[in-house]
Amino acid sequence: QVQLVESGGGLVQAGGSLRVSCAASGSIFSINNMGWYRQAPGKQRELVATITSGGTTNYADSVKGRFTISRDNAKNTVYLQMNSLKPEDTAVYYCNAVYTHQAMGPYFRSWGQGTQVTVSS
């Protein structure tokens, strides 16, 4: 069993900053890609940012230049630093990891439970 636990969401005014974190634990041999997705009320879940084990990043156009994804491989943790937040960034943010299971092999995917980020205008 692999678990992803997010933390760090909350309420912030427009223009402010927040950092969310996600720690993976359990029967992990290695983690390939980690990422953040978000889902606003009435909308589909969308990709925010991803990062490979080697540090290559990818961002949605809507967050480029404002959000930064990073990871600590030793801690199996991924971070999302969010600056210059806008009301349209309001959503539940979900952590995602693609990993190799210790016993069952590669290409497994897990999701966190989500953390609410609310940006007031």
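Attention in this report is confined to the structure presented alongside it. (Residues numbered from 1 in each chain as written. Predicted model: local features only at pLDDT ≥ 70, side-chain atom pairs only at ≥ 80, totals over all residues. Heavy atoms only, no water.)

## A few points about the environment of N58
For N58, the location among the structural elements is in strand β6 (residues 57-59). Residue N58 is classed as partly exposed on the basis of its relative accessible area of 40%. For the pair N58 and V48, spaced 10 residues apart in the sequence, the C-alpha separation amounts to 8.4 Å. (Helix = DSSP H or I, 4+ residues; strand = E, 2+ residues; numbered from the N terminus. Buried < 20%, exposed > 50% of the residue type's maximum accessible area, 1.4 Å probe, protein only.)

## With respect to the packing of aromatic side chains
Summed over the entire model, instances satisfying the criterion amount to two aromatic pairs. Ring centres of Y37 and W111 lie 5.0 Å apart, and the angle between their planes is 70°; on these two criteria the pair is classed as edge-to-face. Of this pair, Y37 sits in strand β4 (residues 28-39) while W111 sits in strand β10 (residues 105-111), placing them 74 residues apart in sequence. Given the relative accessible area of 17%, Y37 is considered buried. Its relative accessible area of 36% is what places W111 among the partly exposed residues. Of note, R45 hangs over the ring of Y94, and the distance from its end group to the ring centre comes to 3.7 Å. Over the ring of W111 we find R45, and its NZ or CZ is 4.7 Å from the ring centre. (Phe/Tyr/Trp six-rings, centres within 6.5 Å; stacked < 30°, edge-to-face > 60°. Lys NZ or Arg CZ within 6 Å of the ring centre and 35° of its normal.)

## Looking at the sheet that holds strand β3 (residues 18-26)
What the four strands build is an open sheet, ordered β1-β3-β8-β7; its pairing is antiparallel. Of all the strands in the sheet, just β1 (2-7) and β7 (67-72) have a single pairing partner and so form its edges. With direction set aside, neighbouring strand axes in the sheet form an average angle of 15°. (Pairing = 2+ DSSP bridges. Axes fitted to C-alpha atoms, helices over the stretch in contact; angles between N-to-C directions.)

## Some thoughts on unusual backbone geometry
In this structure, S84 is a non-glycine residue whose phi angle is positive, near 50°. Relative to the helices and strands, S84 is located in the loop between β8 (77-82) and β9 (91-101). Residue Y107 is not a glycine yet carries a positive backbone phi of 65°. Note on placement: Y107 falls in strand β10. Overall, Y107 belongs to the exposed group, its relative accessible area being 70%.

Any link to function would need more than the numbers given here.
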